[in-house]
Amino acid sequence: MLRFAFCQAHTSLSLQSPDHFQSECSIDQSIVNLCDLYVVLKMSITKPLKKLVSCVILDLDGTLLHTDGIVSDVLRVYLGKYGKKWDGREVQKIVGKTPLEAATAVVEDYGLSCTTSELLSELDPMFSNQWCNIKALPGANRLIKHLSGHRVPIALASNSPRENIETKISFHQGWKESFLVIIGGDEVRSGKPSPEIFLEAAKRLNIEPSSCLVIEDSLPGVTAGKAAGMEVVAVPSLPKQSHLFTSADEVINSLLDLHPEKWGLPPFKDWIKDTLPIESWQIGGPVIKGFGRGSKVLGIPTANLSTERYSALLSEHPSGVYFGWAGLPTRGVFKMVMSIGWNPYFNNTEKTIEPWLLHDFDEDFYGEELHLIIVGYIRPEANFPSLESLIEKIHEDRKIAEEALDLPMYSKFKDDPYLKDST
Ligand code: ADP
Ligand code: RBF
Ligand code: MG
């Protein structure tokens, strides 16, 4: 019933009448939906709704799964056997393509003497061995749980063959059951950028294409979604590519930045005091020299870690501003706020990690072992019109982190032995 009220609100906002919300819901669900309704109404006053949708169609590789890492590992090993060196930049030509298209690009670019189908049959077992190691991208589990928990119909539409999709998602608990429809590239005549796969997904969901929201990391996927007449949120999996996604209705940096209420869908309720709790992760090593501008240019020293040793770990985590705890074994444990990424204001070529320890030290501590536990997310990295506005924003981040870290859910991590470990 209340789901009905939610729909009515959509209609009265006179954007589009979504006639596909599921009607049955429990009392508890109704209360939840009342809150949703409030947020949607409030948002419609402060931020205009983009467009109302009633279902979400998700891409898999690069959108929900960190497949790029596995692809790179496999191709590095394979090409190494033939005396060729895998160049990470090739990933650009592969993202979002069908296996056949991707293999054709590799054969051409590396001047391989085998045929595309020979390459595919050699790579196939190598990839299959790795499916179990593909991690969910940050925010993927949260999104799937949130949408299915609110009974928003979700579909999975991927260019990879249906069988591979099934295997890949089987390693992620609760995923298979959450998708009302799963459709692979081998189930349609042409894969993305053709709209066919999305149109077929909508048909199987029994929902009008114009009421579907597609979430995609690749250009072929975004092109396909728009050609299908759908709303499209792009989450580019490759860095510094946002400008290429002009046809998308919105470009976000990671799934952590998705705001479903912009599309008339139930909002996330897990933000606390301007922070989003994340599954904690750790990184550590000796403090090295950074760009030499933290203290000098910004008045904000950031203790840099070698990125060489952690490129795989850093590639798993979307760029952005995070916070947590920092341990220097001989000095203690301190609150910490940091950025991960390319520092758009300075347009770095390397993804770095820039932790600012929220404490006044009398001296530098280069060479000392620094251990970090990252527990929450604040915002995506941004560019700024002036150095002053960048500095002001970083001080805002500091304040948010400082306050949030006193919450039990974040403060409990400060006793983790990893922070005091000197090895
Ligand atoms: P770099 O470019 O070498 O990282 P910065 O100007 O960013 O230089 O300064 C970072 C260095 O300053 C750290 O490596 C550390 O030795 C020292 N430092 C002093 N106070 C802090 C702090 N509060 N947070 C981080 N680093 C600090
Ligand atoms: N750099 C940016 O270009 N954009 C940002 O949004 C940004 N946010 C930051 C937030 C925090 C909390 C910190 C510590 C740094 C941030 N930086 C950002 C990085 C800053 O530019 C960097 O520390 C200096 O370039 C020093 O190398
Ligand atoms: Mg620094």
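Since the model is a prediction, treat every value here as computed from it, not as a measurement.

Novice: Looking at this model, I keep getting lost on the site of ligand 1. Mind explaining?
Specialist: Residues in close proximity to ligand 1 total 20 residues, the closest being G290, G292, S295, N304 and Y366. Within the contact set of ligand 1, a nitrogen atom lies 3.5 Å away from a backbone nitrogen or oxygen of P301. Measuring from a nitrogen atom of ligand 1, one finds a backbone N or O atom of L357 at 2.7 Å. Against a free-state accessible area of 560 Å², the protein chains account for coverage of 94% of ligand 1. The set of elements that each furnish at least two residues to the shell around ligand 1 consists of α12 (294-298) and β11 (352-357). Considering each element in turn, the shell around ligand 1 owes the most residues, 3 residues, to β11. Taken together, the residues of the shell around ligand 1 break down into 10 nonpolar, 7 polar and 3 charged.

Novice: Before we go on, may I ask you to explain the coordination of the magnesium ion (ligand 3) in this structure?
Specialist: The reference angle at a metal is 109.5 degrees if four donors form a tetrahedron and 90 or 180 degrees if six donors form an octahedron. Looking at the magnesium ion (ligand 3), one finds its protein donor set to be T302 (O), T302 (OG1) and N304 (OD1), positioned 2.2 to 2.4 Å from the metal centre. Exposure remark for T302: the relative accessible area of 22% places this residue in the partly exposed category. Owing to a relative accessible area of 7%, N304 belongs among the buried residues under this scheme.

Novice: Explain the pairing of strand β2 (residues 154-158) to me, please; I cannot follow it from the model alone.
Specialist: For β2, the buried fraction is high: 5 of the 5 residues fall into the buried class. In β2, alternate side chains face the same way, and those of I154, L156 and S158 on one face and A155 and A157 on the other are all buried. Across 3 bridges, the pairing between strand β1 (residues 55-58) and β2 is parallel. If you follow I57 over to β2, its bridge partner there is A155. Pairing analysis gives 4 bridges linking β2 to strand β3 (residues 181-184), with the strands arranged parallel. Paired with L156 across the bridge in β3 is I182.

Novice: Looking at this model, I keep getting lost on the site of ligand 2. Mind explaining?
Specialist: Around ligand 2, a shell composed of 21 residues is seen, among which R293, N343, Y345, R379 and A382 lie nearest. Here an oxygen atom of ligand 2 and a backbone polar atom of P344 are 3.1 Å apart. Between ligand 2 and E354, the relevant distance is 3.3 Å, taken from an oxygen atom to a side-chain nitrogen or oxygen of the residue. Summarising the interface, the protein chains cover 99% of the accessible area of ligand 2, which totals 540 Å² for the free molecule. Mapped by element, the contributors of at least two residues to the shell around ligand 2 are α12, β10 (332-341), β11 and α14 (387-404). Ranked by the residues each element gives to the shell around ligand 2, the list is headed by α14, at 3 residues. Residues that form the shell around ligand 2 fall into these classes: 12 nonpolar, 4 polar and 5 charged.

Novice: How should I be thinking about the pattern of salt bridges in this particular structure?
Specialist: Opposite charge on two side chains permits them to pair, given that their charged atoms come into close proximity. A complete count under the given rule lists 22 salt bridges for this structure. With its nearest N and O atoms 3.3 Å apart, the salt bridge here joins E402 to R398. With E402 and R398 both in helix α14 and 4 residues apart, the pair spans about one turn of that helix. Exposure remark for E402: the relative accessible area of 27% places this residue in the partly exposed category. One network of salt bridges, in which partners are shared, links R162, E166, K176, E187, E200 and R204.

Novice: Is there a simple way to think about the side chain of K262 in this case?
Specialist: Relative to the helices and strands, K262 resides in the loop between β6 (250-251) and β7 (276-288). In this structure the side chain of K262 is engaged in a polar contact, spanning 2.6 Å, whose partner is the side chain of E250.

Novice: For this particular structure, what's the right way to read the pairing of strand β5 (residues 231-234)?
Specialist: As a general feature of sheets, a regular strand has side chains that alternate between the two faces. Because side chains alternate across β5, one face comprises the buried residues E231 and V233, and the other comprises V232 and A234, equally buried. A crossover links strand β4 (residues 212-216) with its parallel partner β5, the connecting element being helix α11 (residues 219-227), and its sense is right-handed. Where β5 meets β6, 2 bridges bridge the pair, whose relative direction is parallel. Of the residues in β6, the one forming a bridge with A234 is V251.

Novice: Help me understand the packing of helix α5 (residues 99-109) against helix α6 (residues 116-128), please; the structure alone is not making it clear to me.
Specialist: For any two helices packed against each other, one specifies the crossing angle of their axes together with the interaxial distance. Contact geometry for α5 and α6: axes closest at 9 Å, N-to-C directions at 110°. In terms of orientation, α5 lies roughly perpendicular with respect to α6. For the pair α5 and α6, contact is made by P99, L100, A103, T104, V106 and V107 and by T116, L119 and L120, respectively. Residues that form the contact of α5 with α6 fall into these classes: 7 nonpolar, 2 polar and no charged.

Novice: Where do I start with the sheet that holds strand β8 (residues 304-305) in this structure?
Specialist: In a beta sheet, neighbouring strands are held together by backbone hydrogen bonds and run either parallel or antiparallel to one another. Taking strand neighbours across the sheet as the criterion, the 6 strands line up as β8-β7-β12-β9-β10-β11 in an open arrangement whose pairing is antiparallel. Two strands close off the open sheet at either side, each with one partner strand: β8 and β11. Bridging between β7 and β8 involves 2 bridges; their strand directions are antiparallel. Each residue of the ladder has a partner; that of I288, found in β8, is N304.

What counts, and at which threshold
Residues numbered from 1 in each chain as written. Chains lettered and ligands numbered in written order. Predicted model: local features only at pLDDT ≥ 70, side-chain atom pairs only at ≥ 80, totals over all residues. Heavy atoms only, no water. Near = heavy atom within 4 Å. Polar contact = N/O pair within 3.5 Å; in protein donor to acceptor, adjacent residues only side chain to side chain. Areas by Shrake-Rupley, 256 points an atom, 1.4 Å probe, with all protein chains shown as cover. Helix = DSSP H or I, 4+ residues; strand = E, 2+ residues; numbered from the N terminus. Nonpolar A, V, L, I, M, F, W, Y, C, P; charged D, E, K, R; others polar. Donors = N, O, S within 2.8 Å, 3.2 Å for Na, K, Ca; no water. Buried < 20%, exposed > 50% of the residue type's maximum accessible area, 1.4 Å probe, protein only. Pairing = 2+ DSSP bridges. Salt bridge = Lys/Arg side-chain N within 4 Å of Asp/Glu carboxyl O. Right-handed = clockwise from strand over helix to strand, strands pointing away. Axes fitted to C-alpha atoms, helices over the stretch in contact; angles between N-to-C directions. Parallel < 35°, antiparallel > 145°, perpendicular 65-115°, else oblique. Contact = heavy atoms within 4.5 Å.

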